Amino acid sequence: MLWWAFGFSLCFSGDSKSGTDVAGIVGNLDWACLRGITLDTPSPVNDTIPMIVFCAYQMMFAIITPALITARSPTA
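Please read these numbers as outputs of a predicted model, since none were measured by experiment.

Caption draft 1: Structural detail: the packing of helix α1 (residues 2-12) against helix α2 (residues 51-70). At their nearest, the axes of α1 and α2 sit 11 Å apart, and the two run at 100° to each other. One element, α1, and the other, α2, form an angle in the roughly perpendicular class. Packed against α1, whose contacting residues are Trp3, Phe8 and Phe12, the element α2 presents Met51, Phe54, Cys55, Gln58, Met59 and Ala62 at the interface. When the residues that make up the contact of α1 with α2 are grouped by side-chain class, the tally is eight nonpolar, one polar and no charged.

Structure representation (C-alpha cells):
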C-alpha cells in the first residue's frame, strides 16, 4: 500500500532539470496514489510500455528487497 500511495511517486516523479524534485534524489508527490496515471500513460523509460506496468514491475523489487535483506539462512 505504501508503494502505491507514496513510494512510486517519490522514486520516479519530478525532474532535476526543471527543479521539481528534491536535490535530484527524491521526487515529488505528483503521482501519489497513481494520480493522473491511466492505462494509456507511457512509462518514462520506454513509450511502448504502459506506466502502470512499469509501476508494477518496480513494486516487485520494492517487495522482494526487504525479504532478501531480512531473510535468515536455513542453517542458522
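Caption draft 2: Molecular detail of unusual backbone geometry. The backbone of cysteine 33 sits at a positive phi, close to 60°, despite the residue not being glycine. Here cysteine 33 is to be found in the loop between α1 and α2. Although it is not a glycine, leucine 34 adopts a positive phi angle of roughly 55°. Relative to the helices and strands, leucine 34 resides in the loop between α1 and α2.

Caption draft 3: Highlighting the nonpolar core. Core analysis: the biggest nonpolar cluster contains seven residues, these being Trp3, Phe8, Leu34, Ile37, Met51, Phe54 and Cys55. The greatest single-element share of this core, amounting to three residues, is contributed by α2. Setting aside chain neighbours within four positions, we find leucine 34 in contact with Trp4, Phe8, Ile52 and Cys55.

Analysis parameters
- Residues numbered from 1 in each chain as written.
- Predicted model: local features only at pLDDT ≥ 70, side-chain atom pairs only at ≥ 80, totals over all residues.
- Heavy atoms only, no water.
- Axes fitted to C-alpha atoms, helices over the stretch in contact; angles between N-to-C directions.
- Helix = DSSP H or I, 4+ residues; strand = E, 2+ residues; numbered from the N terminus.
- Parallel < 35°, antiparallel > 145°, perpendicular 65-115°, else oblique.
- Contact = heavy atoms within 4.5 Å.
- Nonpolar A, V, L, I, M, F, W, Y, C, P; charged D, E, K, R; others polar.
- Core = buried A, V, L, I, M, F, W, Y, C linked by side-chain atoms within 4.5 Å.
- Buried < 20%, exposed > 50% of the residue type's maximum accessible area, 1.4 Å probe, protein only.

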